[in-house]
Amino acid sequence: MLHRGHQSTDGTGGGELTVPMAWLYAEYIADELLRTGDLMPPTSFEFRAGRDALALTIFLSDTDGELPGIRVVTQLETWLSLTAYDQPWQDWVGARMSQLTAQASKSEGPAPDLELAAAAWRWLEETELLAPDLNAVPGGSTGAGEDDGPKVWTPAWQLGLPLGHLAIHLF
C-alpha cells in the first residue's frame, strides 16, 4: 500500500512513500490479543514487551508475504507453537530476521516493515525489566505478596514471550 508523500522508498523520486502495512497489521493483531486477555495494563512496559514479541512472531511467521490477507484464527496454532516455552524463539527470530534482511538487500533495499521489526527486536533484546525471580528457592522468602518476593532484571523478550503466549491461549 502506498501513501502519498515527499519521498519515494524506491529511489525514483516519484513522490510516494511505502507504508509498512505488514508490520502495522502484525502489531495491531498482537495488541488486540493482549487487550482481549487483559493481562497487563496497556501502558506498561510488560504489555509493550508482549505486544512486540507477538508482533515479531506474527510478522516473521508470514513466509508467503500474505499477512494483510490472513485470517487470524487460522494462524493461532502456529503462533502458539512458536511462542511455546520449550521452543528456541530467540534463535528463530534471529534466523528469520537475517533471512529477510538478505532477501531485502537483493531487492530494492530494506523494507519499512523490516526496519520496524528490527527496531522492535533491538528493544526486546536490549531492554531489561524488573520481574519476579521464578527460579528463586521456594520458601526462601516469606513475602506476603508477589511484589515482596525476590526480583531479577530480565530481558524484555523473556517477559513478553510468555505473556503473548498466554494471550493467545486466552483468545
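Residues numbered from 1 in each chain as written. Predicted model: local features only at pLDDT ≥ 70, side-chain atom pairs only at ≥ 80, totals over all residues. Heavy atoms only, no water.

Let's hear about the overall build of the chain: which residues, and what values?
A count of helical and extended segments in the chain gives six helices and four strands. For the chain, buried positions account for 39% of its 171 residues. A fraction of 63% describes how many contacts in the chain between residues 6 or more apart in sequence connect residues 24 or more apart. Working note: accessible area of the chain is about 10400 Å², and carbon and sulfur atoms make up 53% of it. (Helix = DSSP H or I, 4+ residues; strand = E, 2+ residues; numbered from the N terminus. Buried < 20%, exposed > 50% of the residue type's maximum accessible area, 1.4 Å probe, protein only. Contact = heavy atoms within 4.5 Å. Areas by Shrake-Rupley, 256 points an atom, 1.4 Å probe, with all protein chains shown as cover.)

Describe the nonpolar core, naming the residues involved and giving the relevant values.
Core analysis: the largest hydrophobic core is formed by 39 residues, its most contacted members being L56, F59, W79, W89, M97 and L124. Mapped by element, the contributors of at least two residues to this core are α1 (21-37), α2 (45-60), α3 (72-83), α4 (89-106), α5 (112-126) and α6 (156-170). Among the elements that line this core, the one with the most residues is α2, at nine residues. Excluding anything up to four places from it in sequence, L124 contacts A49, D52, A53, L56, W89, P155, A156 and W157. (Core = buried A, V, L, I, M, F, W, Y, C linked by side-chain atoms within 4.5 Å.)

I'd like a description of the side chain of D113, backed by residues and values.
Turning to its location among the elements, D113 is positioned in helix α5. No salt bridge is formed by the buried D113. Its closest oppositely charged neighbour is R96, at 12 Å. A polar contact is formed between the side chain of D113 and the backbone nitrogen of W23, at a distance of 3.0 Å. (Lys, Arg positive; Asp, Glu negative; His and termini not counted. Salt bridge = Lys/Arg side-chain N within 4 Å of Asp/Glu carboxyl O. Polar contact = N/O pair within 3.5 Å; in protein donor to acceptor, adjacent residues only side chain to side chain.)

How would you summarise the confidence of the model for the chain if you had to cite specific residues and measurements?
Mean pLDDT over the chain: 81, with 75% of residues reaching 70 or higher. Looking over the chain, one finds the lowest element-wise mean pLDDT in strand β1 (residues 2-4), namely 33, and the highest in α2, namely 95. (pLDDT = per-residue confidence, 0-100.)

If you had to explain the packing of α1 against α5 to someone new, which residues and values would you point to?
The N-to-C vectors of α1 and α5 enclose an angle of 45°; their axes lie 7 Å apart at closest approach. Taken together, the axes of α1 and α5 lie oblique to each other. Across the interface between the two elements, M21, A22 and W23 of α1 pack against D113, L116, A117 and A120 of α5. Along the lines of polarity and charge, the residues of the contact of α1 with α5 split into six nonpolar, no polar and one charged. (Axes fitted to C-alpha atoms, helices over the stretch in contact; angles between N-to-C directions. Parallel < 35°, antiparallel > 145°, perpendicular 65-115°, else oblique. Nonpolar A, V, L, I, M, F, W, Y, C, P; charged D, E, K, R; others polar.)

Help me get a handle on the environment of A22, residues and values and all.
Along the chain, the position of A22 falls in helix α1. Exposure remark for A22: the relative accessible area of 15% places this residue in the buried category. It is 9.5 Å that separates the C-alpha atoms of A22 and I58, two residues lying 36 residues apart in sequence.

Before we move on, could you go through α4 and cite the residues and values that matter?
Across its 18 residues, α4 extends 26 Å between first and last C-alpha, which sits within 8% of the 26 Å expected from 1.5 Å per residue. Those residues of α4 that sit buried are W89, V93, R96, M97, L100 and A104. Projection of α4 onto a plane perpendicular to its axis shows the buried side chains occupying an angular sector of 105°, all on one side. Opposite the packed face of α4, turned more than 90 degrees from it, sit the exposed residues D91, S105 and K106. Residues of α4 that are buried in the fold lie against α2, α3, α5 and α6. (Expected span 1.5 Å × (residues − 1). Arc of directions from axis to C-beta.)

Describe the pattern of salt bridges, naming the residues involved and giving the relevant values.
A full pass over the atoms with the stated rule returns four salt bridges. Two residues, R51 and E27, come together in a salt bridge whose shortest N-O distance is 3.8 Å. With R51 in helix α2 and E27 in helix α1, the pair connects residues that are 24 residues apart, well separated along the chain. Take E27: its relative accessible area is 22%, and that puts it in the partly exposed class.

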